[in-house]
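What follows is the residue order along each chain.
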Amino acid sequence: MILDNENGTTATEFFLLGFPGLGVFRFLFFTLIFSAYTVTVLLDVMIIVLLSTKKSLQSPMFMFLRNFLLSEMCFVNVVVPNMLRIIWMNGATMSVTGCITQSYIFVSSGTSEIYFLSAMSYDRYLAICKPLHYNTIMDHTLQYFLVIFCWMLGFLLTMITLGLLVSLKFCGQNVIDHYFCDLAPFVDIACSDTSGLQIGIFILTIPMVVVPFILIIVSYVSIFVVILRMSSISNRKKAFSTCSTHLLVVGMF
């Protein structure tokens, strides 16, 4: 919907195109996405319940993994259900407020995921590189601090982007060629100056993506150096197996 005012026209809702070229395959595509979404959510819930109830899985590593899965569920649930609605209706409208909210939660939960991966890599670094000091350093206080830090920083940093998005004006063009409200479409259809938003996004990628990525790389370089220095092959295999789960999660992410 577009409203006329003294300064011209203002968009109050967006129309998301989704996948307009699906044609007769729309129902099949909807079924595939719905099935994948259902399986993903069920598996995440099952793993979280398992990690929360099984006493042998109460180590810091699995605590971080549990919170990572929670942020992953937030990440998926803010996008896929509405995407399914768009596929089913062959395009659908979404309010400007709803669109900006979706973008904010999407980026925030994704950022929290990256921070949890960094916390997990630091945990593996301590376990393998400083095993004698692991229990002393990675105590309950540090565990809870890292969990709260990952959640808060992920959502607080994105508040800057949220403020920049709210300040944008959307005029006659209100069609988004996407299946959810990502940041890039806002830049494409905004009728006000988006340079501030683009600069803000570029700067925020440093603490949100670059720094965690460097921390993960540095942690695993140190881990591999220590593993390669081990004289026993069995010790190498045991050390590598303790970080294989995290490496798999990082690779998938």
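As annotated in an unreviewed UniProt entry, the protein is Olfactory receptor from Staurois parvus. What UniProt states about the protein under its Sequence similarities (unreviewed entry) heading is, verbatim, "Belongs to the G-protein coupled receptor 1 family." UniProt, in its Subcellular location (unreviewed entry) section for the protein, records the words "Cell membrane".

Let's talk about the packing of aromatic side chains
Enumeration over the complete set of coordinates arrives at 16 aromatic pairs. Ring geometry for Phe14 versus Phe170: centroids 5.0 Å apart, planes at 85 degrees, classification edge-to-face. Highlighted residues: Phe14 in strand β3 (residues 13–16) and Phe170 in the loop between α6 (140–166) and β5 (175–176), separated in sequence by 156 residues. In this structure Phe14 comes out as buried when scored by relative accessible area, which is 0%. Measuring from centroid to centroid gives 5.3 Å for Tyr179 and Phe180, while their planes differ by 50 degrees, and the two rings are tilted. Each member of the aromatic cluster is reached from another via a ring pair, and the members are Phe19, Phe29, Phe75, Phe106, Tyr179 and Phe180.

Focus: the state of the cysteines
As enumerated under the stated definition, the model contains 1 disulfide in all. Cysteine Cys74 remains unbridged, with the sulfur of Cys150 as its closest cysteine sulfur at 14 Å. Its relative accessible area of 26% is what places Cys74 among the partly exposed residues.

Notes on the pattern of salt bridges
Scanning the entire structure with this criterion turns up 1 salt bridge. With its nearest N and O atoms 2.7 Å apart, the salt bridge here joins Asp123 to Arg124.

So, the UniProt feature "transmembrane region" (unreviewed entry) in the protein
Here the UniProt-annotated "transmembrane region" (unreviewed entry) positions come out as residues 27–51, 63–80, 86–107, 144–166 and 201–228. With 100% helix and 0% strand, the stretch residues 27–51 has end C-alpha atoms that lie 36 Å from each other. End-to-end, the C-alpha atoms of residues 63–80 are 26 Å apart, and along that stretch the chain is 89% helix and 0% strand.

A few points about the nonpolar core
One finds Phe14, Phe68, Phe170 and Phe186 to be the most contacted residues of the largest nonpolar core, which totals 67 residues. Ranked by the residues each element gives to this core, the list is headed by helix α4 (residues 96–129), at 13 residues. Non-local contacts of Phe186, meaning those with residues more than four positions away in its chain, are made with Phe14, Cys99, Ile100, Ser103, Leu165, Leu168, Phe170 and Cys181.

Notes on the sheet that holds β5
Spatially, β4-β3-β5 is the arrangement adopted by the 3 strands of the open sheet, whose pairing is mixed. What marks the edges here is a single partner per strand, and that holds for β4 (92–95) and β5. Pairing of β3 with β4 involves 4 bridges; the strand directions are antiparallel. In the sheet register, Glu13 faces β4, and the bridge partner there is Ser95. Sitting on the sheet, helix α3 (residues 80–89) is in contact with β3 and β4, with an inclination near 145 degrees to β4. The strands touched by α4 within the sheet are β3, β4 and β5, with β4 carrying the most contacts at an inclination of about 85 degrees.

Here is what the cut-offs are and how they apply
- Residues numbered from 1 in each chain as written.
- Predicted model: local features only at pLDDT ≥ 70, side-chain atom pairs only at ≥ 80, totals over all residues.
- Heavy atoms only, no water.
- UniProt positions renumbered as here; feature names shortened; annotations may be inferred.
- Phe/Tyr/Trp six-rings, centres within 6.5 Å; stacked < 30°, edge-to-face > 60°.
- Helix = DSSP H or I, 4+ residues; strand = E, 2+ residues; numbered from the N terminus.
- Buried < 20%, exposed > 50% of the residue type's maximum accessible area, 1.4 Å probe, protein only.
- Disulfide = S-S within 2.5 Å.
- Salt bridge = Lys/Arg side-chain N within 4 Å of Asp/Glu carboxyl O.
- Core = buried A, V, L, I, M, F, W, Y, C linked by side-chain atoms within 4.5 Å.
- Contact = heavy atoms within 4.5 Å.
- Pairing = 2+ DSSP bridges.
- Axes fitted to C-alpha atoms, helices over the stretch in contact; angles between N-to-C directions.

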